[in-house]
Amino acid sequence: MAGHGSKKVIYAALAGNGLIAVTKFAAAAYTGSSAMLSEGIHSLVDTGNQGLLLYGLKKSRQPADKRHPFGYGAELYFWSFVVAILIFAVGSGVSIYEGIQKVLHPHPVSSPYVAYVVLALAMVFEAVAWWIAYKEFNQVRGKKSIMAAVRDSKDPTVFTVLFEDSAAMLGLVVAFLGLLGVQYLGLPWLDGAASIMIGVILAGTAALLAYETKGLLIGEGASPEVLASIESIIGATPAIRNLNEIRTLHRSPHDILLALSVDFIDEVKAGTVEETIYSLERTIKMQMPSVTRLFIEVQAEEHHEEMLAEEKAATGRDDA
């Protein structure tokens, strides 16, 4: 289940982008600026995206049922991927198209100072939303670099909003420079060029988000810290001779599916095996609440290696 912080970030971005979109569209209609229209489209797409992320959060909380026995946690990853596609298809595509039309058929921008005021207000609103997202992101990234934290993150809501807001800030700067060029250099086509550049920024942002959310949608394992903790618990269990294999899968940011294959000491009785498995389940879930589903397979080490070899061989045949 996503934390309260993620929703706070999304609500802040939703409110900011909604107000900004209305203001930008009004300014675009008044001034005739292509860059301002692209910025309005950008903010409108961002507003819709925040709505989709909230919808994904809500859907991911649905309890498991017969049709989806492992729950609906992956809904969040799906809708985050849809957000990335929308940024590319709608935000980037429309901005680039509008910019090309303005470059081919340039016309002066009327009342540019109105556009400057709107851009300045938008920068303030975006800066507030960006700062909220950045603080939330910093709480989870620790000492990692930004890109390393994004790669390791299992919660796409925070870094999606952060990247959207960062792209929005860059877009505002580009739109501002484009309008300055039109006004002081007398080159109307610069307004269209700014719109194209905004589209390129959105395309790059969308590509990065799509790449990161695709990995989550396909299925990523738990962090090395979680794996190390599980291995430590298994290693401290006297009745277990060997941990054959450990596999994890994030179904949502705080929903981990864990499968273990362990080899018990031969002298251990069946009753002890049952008690040990029960104790392991309680200990792991107590120390790591994100592990919501746990499956433990009791298997001799040599038998497990044989199964892995057969699995590898079968995969090789399928690839061929």
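Before reading further, recall that the structure is shown in the block above.
As the structure is a computational prediction, the values presented were derived from the model and not from experiment.

### Overview of the overall build of the protein chain
Then, number 1: In terms of regular secondary structure, the protein chain is built from 10 helices and three strands.
Then, number 2: Along the chain direction, N to C, the helices and strands of the protein chain fall in the order α-α-α-α-α-α-α-α-β-β-α-β-α.
Then, number 3: By the compact-globule yardstick of 20 Å for 320 residues, the protein chain is too spread out, its C-alpha radius of gyration being 26 Å.
Then, number 4: Expressed along its principal axes, the backbone C-alpha trace of the protein chain runs to roughly 90 × 45 × 40 Å.
Then, number 5: Put simply, the protein chain has 320 residues, and 45% of those count as buried.
Then, number 6: When contacts within the protein chain are restricted to residue pairs at least 6 apart in sequence, those whose partners lie at least 24 apart make up 75%.
Then, number 7: Surface summary for the protein chain: the accessible area is close to 16,000 Å², and the carbon and sulfur share equals 65%.
Then, number 8: With 25 positive and 33 negative side-chain charges, the protein chain shows a spacing of 7 Å between the two charge centroids.

### Considerations on the sheet that holds strand β1 (residues 240-252)
Then, number 1: The sheet built from three strands is open, its strands ordered β1-β2-β3 with mixed pairing. Each of the sheet's edge strands pairs with one partner strand only, and the pair in question is β1 and β3 (291-298). In this sheet, adjacent strand axes meet at a mean angle of 15° when their direction is disregarded.
Then, number 2: In the sheet, β1 pairs with strand β2 (residues 255-264) via 10 bridges, with the strands oriented antiparallel. Directly across from I240, in β2, lies its bridge partner F264.
Then, number 3: Sheet strands in contact with helix α8 (residues 224-235) are β1 and β2, and its direction is about 150° off that of β1.

### Details of the packing of aromatic side chains
Then, number 1: Here the structure, examined in full by the defined rule, presents nine aromatic pairs.
Then, number 2: For the ring pair F78 and W79, a centre distance of 5.0 Å and an interplane angle of 75° mean the geometry is edge-to-face.
Then, number 3: Among the aromatic residues, those joined into a cluster by ring pairs are Y55, F78 and W79.

### A look at the packing of helix α2 (residues 34-60) against helix α3 (residues 75-104)
Then, number 1: Orientation of α2 relative to α3, taken along the N-to-C sense of each, is 170°, at an axis distance of 9 Å. On the basis of their axis angle, the class for α2 and α3 is roughly antiparallel.
Then, number 2: Considered class by class, the residues forming the contact of α2 with α3 number 15 nonpolar, nine polar and four charged.

### Remarks on a nonpolar patch on the surface
Then, number 1: A cluster of nonpolar side chains, contributed by L19, V117, L121, V124, F125 and V128, occupies part of the molecular surface with about 530 Å² of accessible area.
Then, number 2: It is helix α4 (residues 112-141) that provides the largest number of residues to the nonpolar patch, a total of five residues.
Then, number 3: Locating V117 in the fold gives a position in helix α4.

### Comments concerning helix α6 (residues 156-185)
Then, number 1: The terminal C-alpha atoms of α6, which comprises 30 residues, lie 42 Å apart, in line with the 44 Å expected from a rise of 1.5 Å per residue.
Then, number 2: Immediately downstream of α6, the backbone of G186 shows phi near 65°, a positive value.

### Overview of a negative patch on the surface
Then, number 1: Together, D266, E267, E302, E305, E306 and E310 give the surface a local cluster of negative charge.
Then, number 2: As for its position among the elements, E305 is in helix α10 (residues 301-319).
Then, number 3: We classify E305 as partly exposed; its relative accessible area is 47%.

### Description of the environment of E164
Then, number 1: Relative to the helices and strands, E164 resides in helix α6.
Then, number 2: Classification of E164 by relative accessible area gives buried; the value is 2%.
Then, number 3: When the C-alpha positions of E164 and G142 are compared, they lie 21 Å apart, and in sequence the two are 22 residues distant.
Then, number 4: Aside from chain neighbours lying at most four places away, what touches E164 is H42, D46, N49, Q50, V83 and I87.

### Focus on the packing of α8 against helix α9 (residues 270-287)
The description of two helices packed together rests on the angle between their axes and the distance between the axes.
Then, number 1: Running from N to C, α8 and α9 point in directions that differ by 150°, and their axes come no closer than 11 Å. For the element pair α8 / α9, the angle class is roughly antiparallel. Both α8 and α9 take part in a crossing whose hand is right-handed. On α9, the residues that touch I230, I233 and I234 of α8 are L280, T283, I284 and Q287.
Then, number 2: Residue classes in the contact of α8 with α9 are distributed as five nonpolar, two polar and no charged.

### Here we look at the pattern of salt bridges
Then, number 1: On inspection of all chains with the given rule, the structure shows six salt bridges.
Then, number 2: In this structure, D263 engages R241 in a salt bridge whose closest nitrogen and oxygen atoms are separated by 2.4 Å. Of the two residues, D263 is situated in strand β2 and R241 in strand β1; the sequence distance between them amounts to 22 residues.
Then, number 3: By relative accessible area, R241 is classed as partly exposed at 46%.

### Description of the side chain of E164
Then, number 1: Among buried Asp, Glu, Lys and Arg side chains, E164 stands out as unpaired, with K24 the closest opposite charge at 12 Å.
Then, number 2: Looking at E164, its side chain comes within polar contact range of the side chain of N49, at 3.0 Å.

The rules behind the values
- Residues numbered from 1 in each chain as written.
- Predicted model: local features only at pLDDT ≥ 70, side-chain atom pairs only at ≥ 80, totals over all residues.
- Heavy atoms only, no water.
- Helix = DSSP H or I, 4+ residues; strand = E, 2+ residues; numbered from the N terminus.
- Rg over C-alpha atoms; globule rule 2.2 N^0.38 Å.
- Buried < 20%, exposed > 50% of the residue type's maximum accessible area, 1.4 Å probe, protein only.
- Contact = heavy atoms within 4.5 Å.
- Areas by Shrake-Rupley, 256 points an atom, 1.4 Å probe, with all protein chains shown as cover.
- Lys, Arg positive; Asp, Glu negative; His and termini not counted.
- Charge placed at Lys NZ, Arg CZ, Asp CG, Glu CD.
- Pairing = 2+ DSSP bridges.
- Axes fitted to C-alpha atoms, helices over the stretch in contact; angles between N-to-C directions.
- Phe/Tyr/Trp six-rings, centres within 6.5 Å; stacked < 30°, edge-to-face > 60°.
- Parallel < 35°, antiparallel > 145°, perpendicular 65-115°, else oblique.
- Nonpolar A, V, L, I, M, F, W, Y, C, P; charged D, E, K, R; others polar.
- Patch = residues over 30% accessible without salt bridge, like charges linked within 9 Å, V, L, I, M, F, W, Y side chains within 5 Å.
- Salt bridge = Lys/Arg side-chain N within 4 Å of Asp/Glu carboxyl O.
- Expected span 1.5 Å × (residues − 1).
- Left-handed = near helix turned anticlockwise from the far one by under 90°.
- Polar contact = N/O pair within 3.5 Å; in protein donor to acceptor, adjacent residues only side chain to side chain.

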